[in-house]
Structures are given as structure tokens and as C-alpha cells.
2 protein chains.
Amino acid sequence: MQKLLITLFLICCFSLVKAQEIKSPDKNLTLKFWIAESGIPTYQLSYKNKQVIKPSKLGIETKDVPSMLEGFTLSNAEQKSVDESWNPVLGEVKTIRNNYKELLVTLTQKAEKDRYIRIRFRLFNDGLGFRYEFPEQKNLNYFIIKEEKTQFALNGDHKAFWLPGDFDTQEYSTVTSNLSEVRGKMKEAVTPNASQTTFSPTGLQTPLMLKSKDGLYINIHEAALVNYSTMSLDLDDKNFILSSFLTPDAVGDKGYMQSPGQSPWRTVIVSDKATDILASKLVLNLNEPTKYKDVSWIKPIKYVGVWWEMITGKSTWAYADVESVQLGVTDYKKLKPNGKHAANTAHVKEYIDFAAAHKMDAVLVEGWNEGWEDWFGKTKDYVFDFVTPYPDFDVKELHRYAASKGIKMMMHHETSSSVRNYERHIDTAYKFMVENGYNSVKSGYVGNIIPRGEHHYGQWLIDHYLFAIKKAADYKIMVNAHEAVRPTGLNRTYPNLLANEAARGTEYESFGGNNVDHTTILPFTRLIGGPMDYTPGIFQTKISAYNPENTSFVHSTLVHQLALYVTMYSPLQMAADLPETYNKFLDAFQFIEDVAVDWDDTKILEAEPGDYITIARKAKNKNEWYIGGISDEVPRTATINFSYLPKGKTYVATIYADGKDASYDKNPQSYAIRKVLVTSKSVLKQAMAAGGGVAISIKAEATAADKKLQKL
Amino acid sequence: MQKLLITLFLICCFSLVKAQEIKSPDKNLTLKFWIAESGIPTYQLSYKNKQVIKPSKLGIETKDVPSMLEGFTLSNAEQKSVDESWNPVLGEVKTIRNNYKELLVTLTQKAEKDRYIRIRFRLFNDGLGFRYEFPEQKNLNYFIIKEEKTQFALNGDHKAFWLPGDFDTQEYSTVTSNLSEVRGKMKEAVTPNASQTTFSPTGLQTPLMLKSKDGLYINIHEAALVNYSTMSLDLDDKNFILSSFLTPDAVGDKGYMQSPGQSPWRTVIVSDKATDILASKLVLNLNEPTKYKDVSWIKPIKYVGVWWEMITGKSTWAYADVESVQLGVTDYKKLKPNGKHAANTAHVKEYIDFAAAHKMDAVLVEGWNEGWEDWFGKTKDYVFDFVTPYPDFDVKELHRYAASKGIKMMMHHETSSSVRNYERHIDTAYKFMVENGYNSVKSGYVGNIIPRGEHHYGQWLIDHYLFAIKKAADYKIMVNAHEAVRPTGLNRTYPNLLANEAARGTEYESFGGNNVDHTTILPFTRLIGGPMDYTPGIFQTKISAYNPENTSFVHSTLVHQLALYVTMYSPLQMAADLPETYNKFLDAFQFIEDVAVDWDDTKILEAEPGDYITIARKAKNKNEWYIGGISDEVPRTATINFSYLPKGKTYVATIYADGKDASYDKNPQSYAIRKVLVTSKSVLKQAMAAGGGVAISIKAEATAADKKLQKL
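Calculation criteria
Per chain, residues are indexed from 1 in the order of the written sequence. All chains are assigned letters beginning with A, and all ligands numbers beginning with 1, in the order in which they are written. In view of the model being predicted, local features appear only for residues whose pLDDT reaches at least 70, and side-chain atom pairs are presented and counted only at 80 or more, with totals across whole chains, interfaces and linings using the full set of residues. With hydrogens and water set aside, each side-chain value is computed from the structure's full complement of heavy atoms. Secondary structure elements follow DSSP: runs of H or I of four or more residues count as helices, runs of E of two or more count as strands, with numbering from the N terminus. We call two residues contacting when some pair of their heavy atoms lies within 4.5 Å. Note on areas: Shrake-Rupley, 1.4 Å probe, and residue coverage restricted to the protein chains presented here. Once two parts are put together, the accessible area they lose, assessed with a 1.4 Å probe and summed over both, is termed the buried area. A carboxyl oxygen of Asp or Glu within 4 Å of a side-chain nitrogen of Lys or Arg is what we treat as a salt bridge. As used in this structure description, the phrase polar contact means that two N or O atoms lie within 3.5 Å; if the pair is within protein, one of them must be able to donate a hydrogen and the other to accept it, and residues adjacent in sequence are counted only when both atoms belong to side chains. Just so you know the grouping, Ala, Val, Leu, Ile, Met, Phe, Trp, Tyr, Cys and Pro go in nonpolar, Asp, Glu, Lys and Arg go in charged, and all remaining residues, Gly too, go in polar. Buried means the residue's accessible area, taken with a 1.4 Å probe over protein chains only, is under 20% of the maximum for its type, while exposed means over 50%, and partly exposed covers the values in between. Every residue carries a pLDDT, the predictor's confidence in it, which falls somewhere between 0 and 100. Here, strands pair whenever DSSP counts at least two bridges between them. In this analysis, axes come from line fits to C-alpha atoms, helices being fitted only over the stretch in contact, and the angle between any two N-to-C directions falls in the range 0 to 180 degrees.

(A) The overall build of chain A, seen in detail. Broken down by element type, chain A carries 12 helices and 37 strands. Along the longest, intermediate and shortest principal axes, the C-alpha atoms of chain A span 75 × 70 × 50 Å. When contacts within chain A are restricted to residue pairs at least 6 apart in sequence, long-range pairs at least 24 apart make up 72% of them. With an accessible surface of roughly 24,900 Å², chain A has 50% of that area assigned to carbon and sulfur atoms.

Written as C-alpha cells, this is what we have:
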């Protein structure tokens, strides 16, 4: 299955006092490493002779053993080249090339009884990855990390697309500013959240997207975050040096390590073309191949769900309006139903009917289980048991009904961040899923973590999220984790992790709204780590239509919502609006019904973070193509070529375009659908409204009957 | 099964401004409760007109809602009397009488929207129990406890038998001093431990045993510690007021509460006779009846084990001498065995052979599973998996071999306090036990707790210990938890909790030694809460006989070791020494082989904390009696009557006595065994050496063949 082409050569360098240097396969990137004064490991990175990372220090500050910061000598250096390819289980492309030059340096602290560590650099055409490695040795077994001291010294006051650094949430609006402006904008940037812990007036999250004044696009993140705490960045806003800032645990420690072990990869994706950033597979390439022998049960999912109606305030997760309940004690049959509980059998059947009628794979139901009356903000340990339905939710009947229509049920495990409680019930909960026909779960981690003092992004939770994913795999269950840590490409190794939330999703359109440019930024930031369950497809953009008290509105046109199914990659995509609304716009909904969620190929046609993105993708194992383009608040013309279509053939393209009078704020539901004929030589100039977009489906070659259609 | 005799009368008092008063059934104890100035709930307790607890404040300081400390009015008061009896599954007596007068007061804070709490007092002949109750109500749902402010104002500078207050260990030597001397002796009292967190220079643990200058014996503890954090006491050493001091969690909070809920019972056992303290069943009576429907699988256990040889340093838990291992990664078959690993199949069979030859029930084996090479002090999360044996330990073969000889294997689950890891594996571990014939587990919590920042005695762990006990019951497994919280009578409700350690056990005889008076104090302190797995029976009192480098010695005579099987009540008793040693002293070992571990009746014949204890017990469902007497470092004569024997019958008593030249330090192995005839009228005056004792077994009526025996 994997095509492996490794050319390997090792060089044991004897001139170790000089800088070590490697170049990317295309020679555009140059990485230098050397030991600076006082024995400090130092690296720099350039792209086409422009400095990306100026000389920057590397090291680990430890708590219980002498630190690994200085006094190093370079005792060995090895290089090798790798060029291989592999096929992801689910993905944007069928085959991914993994082509890099590697430099592995061994660094010895003679003063610490010759204790040594290694730093492994991998230089791809699209950027750099490096990590610390702690080989097993007599004088380095266990140690506690006080702070990782990795620097990314930037070459100027770049434009940044940033979120406040936080140990518990990424659900902030992205701020676009120069780095020198971060401090001034921080206070405003830290909007309220159910759980949040900022750490610095210049603290930033990753993936951090930067654009230099000389036109370089730079993305800093991490890959393969396993058994380590999440890295944020602290900005020295005088010198524009970013320093790693790890998430602490309840007692302030930042990592418990045992050799042999390693840090996650620190990644710097760089190009002079924004489209290259979106096309980068560097983060996936730095993750390990899948550990699963059987992946046949892992499938992409398009789903609807009993969710948006609660998010808007039209319905409730809770069954009764009481202040407090106790699982196993409260008799729900004796409680008065509040009359707004959405997850009732009859209503869920309506969703199942809609899903079956429109080729969805699954139906999510939130609020199906006992405990929602007081689930939030009470630091309640035993908050859910994950197996006890409300009196009005008939698990067996819904399983039977859904199965009869070929629809899978998607489980919901809100943990309320009571993580011990979840782990105590997780086997029983997964077994319950298997017994009742659920093969995927949306998990949630709203609110402060229990055990108290731990953070969403600390090593303790990093371990938990992966525990839950691996445990789910034992039951052949796919996972969609919300409020968990932002992804770092682990879906390569654990492909049942279909998607995460871990950013400000569509739900905020009902909580006051997202910035209009939000979805033109997310693919450059959050999505660099992996798929997002953004839950697009909101057609009723005025929330007051569902809940008169809610004055929020969706900051995009309806067509922009369609385009998101292409621009926001995920093998798990929700059609998030209500069936009653979709039934009013079935012509537009056709795009959601048609669009693929797993792909053979992807072309990033146009992109500029914060402004616009246009992407074309070929459906997995099908001659079908889907194109999505989105704009920020500025109306724009997307230029869409079709050069990826098979040569010499003519296809029917269905174009979903903003209406001429459309705009996200004034007339979001204005759209026009037309069919045209396209070939590989066609080029479409398509107007997009303010907050608008374009969506195109190409499902079939033109036939005689299509002769009347206009050619592009 | 339960004989229930409740006489109930309720009095709604209309004169609520005056003090509420109740008397114990025998009228010796008087409890008064009133609302003092500023609306502060206040109580006092007297015994035969002597003040036990002077006027003392009650209340709860909260973090997130207004405190429950003052501004109270007494809005209701109810009294009732209860006289019933019940039979413990295992115990010191067959039937326990539960006879008390109850006062239930309702306290309202008008300024807090009529928020109310209740305090329930139960006054027994042997003391007082009271607890806070938080009824479900609109204005009191969730709250966080900052501190419980319960006072026990003492009537003078009592003599105290105390341990330093600590959130993580009770493994201190008891200090005997006046309360005014605590501060001066604290520093010396805090000896090193694997995990320890003291909180005050006058902090004390419970059960705290006190003796007033006017001859009152007072014991302060708690009962039914569930979903709450453990209470220590802080001493105001000017005024001799003890105040509750709860164990904090990682962020400093002391309890997360939801109404309806309650605190554990705070207990004050009091008498002018020390023997009454040991006979008290107050703590058990304040616990709930067992929640288990089937208790037929819960049996007392007398056992030997592969343990003492590691404690002494003769053998090791670890299989190999390496610094670091990783479960699932390290290939143990490739490691070089250290040659001192005790838990190997052949050696364990020797223990099984001994157990079978001497009517033991079970064999404990520690160090049987992978991970002991680096199990301690590394704050290692994945430290054990509880199911993977070392290469030299054949689980199946030992199961077969033990079963063929009628012996049960006792599992060992050392958690290294990595509690999440234990919970993750607990189902698998218990299943493994069931599949391999283990029906009991010794669990251990050595070292600092993971999640870091939590303490052994905090609410988080209190919940865990009970989780493990209840989960064990699902698998019909009996639990013997070491380093867990000291017991509070929960073995009534969860009788598969056979015993705990939770004090300085016999192991310290190998770590420098216990005080000679240690075992004359423990029944007045630690054992007030429940059975202890003290692991007596050490015949080879010089540890150097096993490990030349270890100069420790056991601070008792051999006979004292025998007597402990009677004086230290537990339905789980270890014969802790090595079979090779017992085989040299088989005449003395006969007492351990004979002695019962479950009882129909118990008579506390003589007792003075710190000096001596003599107890007689009747074996459960047998006409057999066992008597144990112990002395501290002072040689004494025990006065033992036999009035509990059936009248008019003559029995053969086997008396195990210290040799005339015996002493704990000079000649501990000197003993003499003699048989005499006794009747219910006999009285034995038996000399006990320094650190010595006496043990007597009465197994049969005298027959003609016994004529030649001396009469007492």
C-alpha cells in the first residue's frame, strides 16, 4: 500500500565545531544548526535566501535534574534523505509524498556526566520540523520539565493571525495585527469562555499564521503531540522572538518525562505563496503511520443532528427545568418535562427521515441522556453516566428506526470536563454504543477540568484524549472531540479521530457572531493541525427565526455556507441547520447532499489569509469534483480554473452563486443556481458577495441532453 | 436478620430560644445545643456532670456562596429514641446494639433567603455523633467548602496520644504528651515518609485519644467518610480547642457539595473506663447498613505472603536491577534477573505448601507483576498494568497448585498512587483476578498522588477508595487497602473492605522499629475506625537474620506477637514472618494456626492506652475462646478472668507466656507453653515481660485424658 523510496546516506561529521547545514529537496530552504557561546544549541532557517527564523536558542529547562539549556558540545551529526509516499485512510489527497532531508545532532553535556540529548531536524520543501529526543541512558531516566525553551526569532514585525495564548480554550476570534500590536489588542481579544486561562499579555496560540513584509507566509505549530503538554508561544514584542510556553499542570510542572522519549515536533511551514501553506502535508508527514491493522471500519461521515436548535435557544438539552439533579437518585419520570426537550423519540425520527431522504450517513442527538439540568459550571464530578436516556428518548426504538432507513446514530458524550468520571464510564459507554448501533461519538469537554487545577491542554489531558481515541478504536468507534486540544496530525496515526472542534465554530454565530473573515483564516491556523467539525450549512442566518430573544446572525451568505464544505476540510461534516429550514431551500441543499467528504485530490486555487480561499477537490474514487470559494467582508471575483478535469472531456458544472444583491449582513439568503459546461480549459470568473462565496459541483460528463447548456 | 426495636417519638419544640438538651439512654451523657450570640450554632457535651466538650462552635465556611457560620436561628428541633440491633457480616461481636437519643435541629439563615441546614446529633451511652446535613432547597444546591469550622473545646490540658496532622500519611509513631506539649514535640514527630504534607505546628490526626486529668477517656474521630474530605484537627494550645481542618485539593478547596448531602459524622467517644473506649461500636452504628444483598462471598482471611522477606531487604519486588522500564516496551525476557526476586513460581509454592499445612486461607504475593524496577518516586503515570506477570511468575500454574491445596491466592495491586492509571485498569485487573482464582486484593498507595496536587485524604481520593471497593464487590473481591485513608466504619456498609493499613504497621519494625507501646495505643486510635492489617506474627525479631545490613529489631517478644492476633481486631490477619522461621517455632505457631479471625463476642478485660490491653474473644460459631494480653516496655501482670466461659464446664486452656527471662530487647524469643484447666470462675495472674504479652487458646472441654492438667 505504501510506496517507499528511501535514499539513505549517513554522514558522521568530524568537523563538528562548524555549523551543520541541510537544504530542502528543492533547495529553497536552508537549515543551519550550531553550538553557540556557552554551549547553547542554536538554529536558523532561511527560504530563498530570506531569513525565516533568525538564530534561535533550543533547550529544556528542568525541575529536578540539571537543565538541558547550555554547556552542550556537538558530539555527533548525521544526515539522511527520505522520499516516500503513503496513503491516508481519509484525506484531502489519495497519496501523500513524504520527502525531506534530515539532520540528527547529538548534544552532550560533559559537565553532567556526559548526559546527552538529540535534536532531529527534518527539512521538507514546505517547511521545517524538529524535535528533542531523550535517549535512554544511565544519567537521564526521569525528569520534570519546568519549561521548554525553544525560540522562533522572527525577522521583523510580521502581520499575525493570532489567538490569545490560553491553557483551556481556542474559542477566540482571530485577531489580525502586526506582532507589535499584540499587547495593545490582547485585553479585547480575551473574550469570555466557559473555561479559560491566559498566561501572558503577549501569549499566542498555535497554529500561528504570519506574513512578513517581504511576502513570506510562515506558520508555526507542532506535530504529534503525545505524552507532552501543549505548546503556546510567548512573544518578545521588542525583538519579535517567539518562545515556547508549555501548559502547566495543577502544581505548575509542565511535563513528566521518561527516557527514551521525545518532544512533539515543532513545525515551521513557509512559502512565498499562501496556497502552499494550505497544501502543506508537513504536519501529517511528521506523525507516525497508523497503528491500526484494520481500518476498514473508518468511514467519512456526513450528518445532521439535534443540536443547532439547542444552540439557538429554540430547544433545550435538559428534560426538566430544575436546579439540581443526582444521577441514580433523581427519578426523571417524576419530573415535569419542560416541553422544550429536543431529544425526544418522535422528533429524532424527523431528523432520521430527513437524513435518509438526503443521503446523510448519520444523525447526532445531543441532550439524550440524564444529567443536563445541572451539567455546567457546578464542578460536578458524577455529572453523566453516558448510558441512561431521558424518559422520552427510546434508544432501542431509534436504533431500529434508523437502521431500517440505513442511517447510523451518532452518540454524544458531553463530559462537562469531568474527566475521571468519563474514564470510569468509558468502557460501559462504548459497549452501550456498540450494542445500540452507534459507530461514532461526538465528545465534549465544556468547562473547567476535573481533576481541578489541570488544564485542557496539559499533559494529563493530552494523555486522556488519546486514551479515549485508542479505547474507541477497540470498539471500532470514530471520534469527533470538541473542546479537546487542537489537533497536531494525530489523525494519521489514529484515523478514527475523524475531527475536532478546538476553535471558534459555527455555534458562535448564535452567540453573537463570528468575524466575516473567520473562515478565510481558519484553514491557515486551526486546520493546519487537522480536520475541524466546523458544523457549516446554516441557511437560516437570522437566529431570531428560531428564538425571538436571540439577535445573533450568521456572518456569511447562504452560498458561503455551501462553499465551506470544500474550503474547510474534514472527513466529518455536519449539515447543521434544521430539516424544516433545509426543506425550504432544497435546491441549495442539493450541494450539501452531493458534496464528498473524502478526496482523491485537492487543488488550492487561490488563497490569502483573512481575505479569500478557493479550493477544488476530486471526490474519492469518483469522477466528481467540488469547488468552494469564500470571501471575507469584501466582495470579490474568484478565478476558478478547471485544469484538473480530465483532458478532452466536457462536464456539467452546477454553480451555486451569491445573488447579485447578496451580502452577509443585508441579504444573505440570495443565491442563484445555474448549470454550465466546463472542460479542463475553462476558467470561471465568479463574483462573490461581501461574506459570500461560490460552490460548484461537477458530477457527470455532459450528455446530448446537456447540449443546450451554456459553455463557460 | 436484624432485630429492630425502635421507639420513636417526635417533639416539635416551641421554646426554640432555649437550649436543646438530650441525654444518653443511660443518662450519663448530656448534649446541649443552642444558638449563641450572632447566631452561631453551639454545642456542649458532659459525662456524669464533667465537661467533655465545652461550648463549641459549629459551622461551614464556604467559598462560592455565603458561609454557614452565623446569622442562624433555630427554626425546628426534633428528638427521637432508637434501640435496635444488627449483625455485622464480620466482626468482634455477633450482634451490635444501636441505642441512642437523637436531636435534629434545623437552622435557618434568614439573611440568606431562609437558607437552612440541619445538624443531627446522636447520643449513645458511649458517646456522641453529629453531622451537618444540607437539604435540597432552592437557595442551596451546589457549594464549595473552604473549611469546616467544627470546634471541640476541651476542658483542660489533656494527655494526648497523637500523630502529626498530615494530608498524606498516618505512618507516624504516636507521641504521648499533654496537649500543651504538642507544639514543642511536633518537629521530632514528623518523621520522613514516602508522601507527607503537614499543615500546622499543632495539627493532629484522628482518631485522637485523650485522657483528662480527672480520668475521662475521650476519643475524637469521624464516621462514614463518604464524598467529603478527611478531617484533621488543629489545636489552639492556649485554650485547648480543637478545630476541624479538612484536606484540601490541588487548588486549595476542601469539598465540592451538592444538596441533598451531608458531612461525615463527627464522633466523641467518652467514658471513665478505658475498656469502654475499646468496646465502643459507636463508629459502626453511625454507618449505614450494608448495601450488598449477597454477602455470602465475604469471608475472614488468615494468610501468609511473599512480603516480609522484601520488607527486610532479603529479597526484592523487582525482577531486574535496571534504572527504568516501560510497560509494553521493555522486554523482560531479555533483562538479566537480579537473582533476589521473591515472587517466583517455585518459591511461591513453598508459601502455598506452608499455608496448606497450617490451615491458612490465602497466600499474598507482592512483586509478581512487571514494573517494580522503577515503580517509586518517579511520579510515573503508567507504572503498572496489574495483569502482566514477571517471566518467572506463572499465574496459571500457581492458581492450579494453590487450588489443589485448598488455598486462595491474594492479589497485590500496588498503584504507586498513580490513581488514574489504576482506575483505567481496574476492571481488567479484577477480571484477571476472577479468571485466576484470586478473591481478595491488597492494594497500595505509596508515594505522592497522581493527579498531582491531590492528597491521599482529599475528597478526590476518598471517592476513589470507595469506587475501588464497590467495583471490587461487583467481582466479589475483598479489599485490604494500604496507604488509603484511615477507616471510619465503612466496613459496615461495604463489608468487602476487610481491612486497611493506614497507620504505622509492622513493616516499620524493619525500618528502625516501632515504639514498644505502639500496639497498646493503636486499638485506642487507628482501630477505632476499623480493622487494621497490622501484619503481626514476626518470630525472627532480629532483622539481620534475614539481611545482615539491616540492624532493626522487632520491639516486642514473640509472645506479644501472638497476642496481637487477639488485641488487634481484624477479620484479615497475616502471619507475616517467613515459613522457614515458623518451621523452627511450630509449637508457638500453633496459636496463630488456631486463632479465629471472626468472633461471636469480645470482652475487653483490661486496658490503658500506652500501657496494656487484655482482650478475650469467642470464635464465631464455635465454643473456642482466644485471649491476648500485651504490655508496653514495663513488665506487668495481666489479670485474666474467664467468666465468659459457659458455667459449670471445664476447658483446657493453652497458655503461651513470655519466658521468665524474656524481654523485647534482650530475649524476645523466650517463651513457655503450658496447658491448664479453666472454668468460668478461674482467674489467671500472668506475668508479661517488657514488651511482652500472653496468648491463650481454649479450644475444647476437658476430657478424662486432661485430668492430669493443673487447674488454674
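Let's pick the thread back up.
(B) Structural view of unusual backbone geometry. Of note, the bond from Thr206(A) into Pro207(A) is cis; its omega dihedral lies within 30 degrees of zero at 0°. Note that Pro207(A) resides in the loop between strand S14 (203-204) and strand S15 (208-211). Put simply, Ser259(B) and Pro260(B) share a cis peptide bond, and its omega is 0°. Checked against the element boundaries, Pro260(B) lands in the loop between strand S19 (255-258) and strand S20 (261-262). A positive phi is found at Phe386(A), a non-glycine position, where the angle reads about 70°. The topology assignment puts Phe386(A) in the loop between strand S23 (362-365) and helix H6 (395-404).

(C) Up close: the interface of chain B and chain A. Contact residues are listed per partner, giving 33 residues for chain B and 33 residues for chain A. Interface of chain B and chain A: buried area, both sides summed, is about 2,900 Å²; carbon and sulfur atoms make up 53% of it. Salt-bridge contacts for Arg424(B) lead to Asp463(A); the nearest nitrogen and oxygen are separated by 2.6 Å. Applying the counting criterion to the chain B and chain A interface returns 22 residue pairs in polar contact (both at pLDDT 80 or more). Secondary-structure elements contributing two or more residues to the side of chain B that touches chain A are strand S10 (142-148), S19, helix H7 (419-435) and helix H8 (459-474) of chain B. Among the residues forming the side of chain B that touches chain A, the class breakdown is 11 nonpolar, 8 polar and 14 charged.

(D) Summary view of the side chain of Asn99(A). Residues and elements named next belong to chain A. Position of asparagine 99 relative to the elements: it lies in strand S7 (residues 96-109). Exposure remark for asparagine 99: the relative accessible area of 14% places this residue in the buried category. Asparagine 99 has contacts with Pro25, Val82, Asp83, Leu123, Phe124 and Asn125, leaving out every residue within four places of it along the chain.

(E) Molecular detail of the confidence of the model for chain A. All names here are of chain A. With 98% of its residues at a pLDDT of 70 or more, chain A shows a mean pLDDT of 96. Ranking the helices and strands of chain A by mean pLDDT puts strand S21 (residues 265-271) first, with 99, and strand S37 (residues 710-711) last, with 93. Here residues 1-15 is modelled with pLDDT under 50, and outside its nearest four sequence neighbours on either side it reaches 34 contacts, counting other chains as well. Overall fold confidence (pTM) sits at 0.96, and the ipTM for the predicted complex is 0.95.

(F) Local environment of the sheet that holds strand S10 (residues 142-148) of chain A. All names here are of chain A. Spatial strand order, S5-S10-S19: 3 strands in an open sheet with antiparallel pairing. Two strands in the sheet have a free side with no partner beyond their single neighbour: strand S5 (60-62) and strand S19 (255-258). On average, each strand axis in the sheet is inclined to that of its neighbour by 50°, with strand direction left out of account. Judged from the 3 bridges that link them, S5 and S10 form a sheet pairing that is antiparallel. Paired with isoleucine 60 across the strands is glutamate 148, a residue of S10.

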